[in-house]
Amino acid sequence: MCLLASELRFFYQDGASHLFPEAWDDYLSPIPESERGDMILAYHAQLNSTDDETRLKAARAWTRWE
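On a predicted model such as this, the values are computed, not experimentally measured, just so you know.

**Observations regarding the overall build of the protein chain**
Argument step 1. Check the secondary structure of the protein chain and you find 5 helices and 0 strands.
Argument step 2. Ordered by position from N to C terminus, the α and β elements of the protein chain give α-α-α-α-α.
Argument step 3. Taken over C-alpha atoms, the radius of gyration comes to 12 Å for the protein chain, in line with the 11 Å a tight globule of 66 residues would show.
Argument step 4. Counting only C-alpha atoms and orienting by the principal axes, one finds that the protein chain spans roughly 30 × 25 × 25 Å.

**A short note on the packing of aromatic side chains**
Argument step 1. By the definition in use, this model includes 9 aromatic pairs.
Argument step 2. Aromatic side chains Tyr 27 and Trp 62 sit 6.1 Å apart centroid to centroid with 45 degrees between the ring planes, which places their arrangement in the tilted category. Taken together, the residues Tyr 27 in helix H3 (residues 21-28) and Trp 62 in helix H5 (residues 52-65) connect sequence positions 35 residues apart.
Argument step 3. On the basis of relative accessibility, which here comes to 0%, the residue Tyr 27 falls in the buried class.
Argument step 4. Grouping aromatic residues by their ring pairs yields a cluster made of Phe 11, Tyr 12, Trp 24, Tyr 27, Tyr 43, Trp 62 and Trp 65.

**Description of the pattern of salt bridges**
Argument step 1. Counted according to the given criterion, the structure contains 1 salt bridge.
Argument step 2. Residue Arg 55 is joined to Asp 52 by a salt bridge in which the shortest nitrogen-to-oxygen separation is 2.2 Å. Pair noted here: Arg 55 and Asp 52 are both in helix H5, with a separation of 3 residues, about one helical turn.
Argument step 3. On the basis of relative accessibility, which here comes to 54%, the residue Asp 52 falls in the exposed class.

**Details of the packing of helix H4 (residues 39-47) against H5**
Argument step 1. One can describe the packing of H4 onto H5 by two numbers: an axis separation of 8 Å at closest approach and a directional angle of 135 degrees. Between H4 and H5, the angle is such that the two are oblique. Across from Tyr 43, Gln 46 and Leu 47 in H4, the residues of H5 making contact are Thr 54, Arg 55, Ala 58, Ala 59, Ala 61 and Trp 62.
Argument step 2. Residues that form the contact of H4 with H5 fall into these classes: 6 nonpolar, 2 polar and 1 charged.

The rules behind each value
Residues numbered from 1 in each chain as written. Predicted model: local features only at pLDDT ≥ 70, side-chain atom pairs only at ≥ 80, totals over all residues. Heavy atoms only, no water. Helix = DSSP H or I, 4+ residues; strand = E, 2+ residues; numbered from the N terminus. Rg over C-alpha atoms; globule rule 2.2 N^0.38 Å. Phe/Tyr/Trp six-rings, centres within 6.5 Å; stacked < 30°, edge-to-face > 60°. Buried < 20%, exposed > 50% of the residue type's maximum accessible area, 1.4 Å probe, protein only. Salt bridge = Lys/Arg side-chain N within 4 Å of Asp/Glu carboxyl O. Axes fitted to C-alpha atoms, helices over the stretch in contact; angles between N-to-C directions. Parallel < 35°, antiparallel > 145°, perpendicular 65-115°, else oblique. Contact = heavy atoms within 4.5 Å. Nonpolar A, V, L, I, M, F, W, Y, C, P; charged D, E, K, R; others polar.

Have a look at this one:
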């Protein structure tokens, strides 16, 4: 299945956030406010960090959101 850019934007950037605001807050939590303009890119950076704690925190938040 190939997701369209609009579907990715809805699920990971803006859209689903209105349906599940509490879960969205948890999803946002590991990402600094200045990096939230592109959550997929921000999570990519966090999940590929050299810091174990950063990677784990991001992985847990991403998994809960999924």
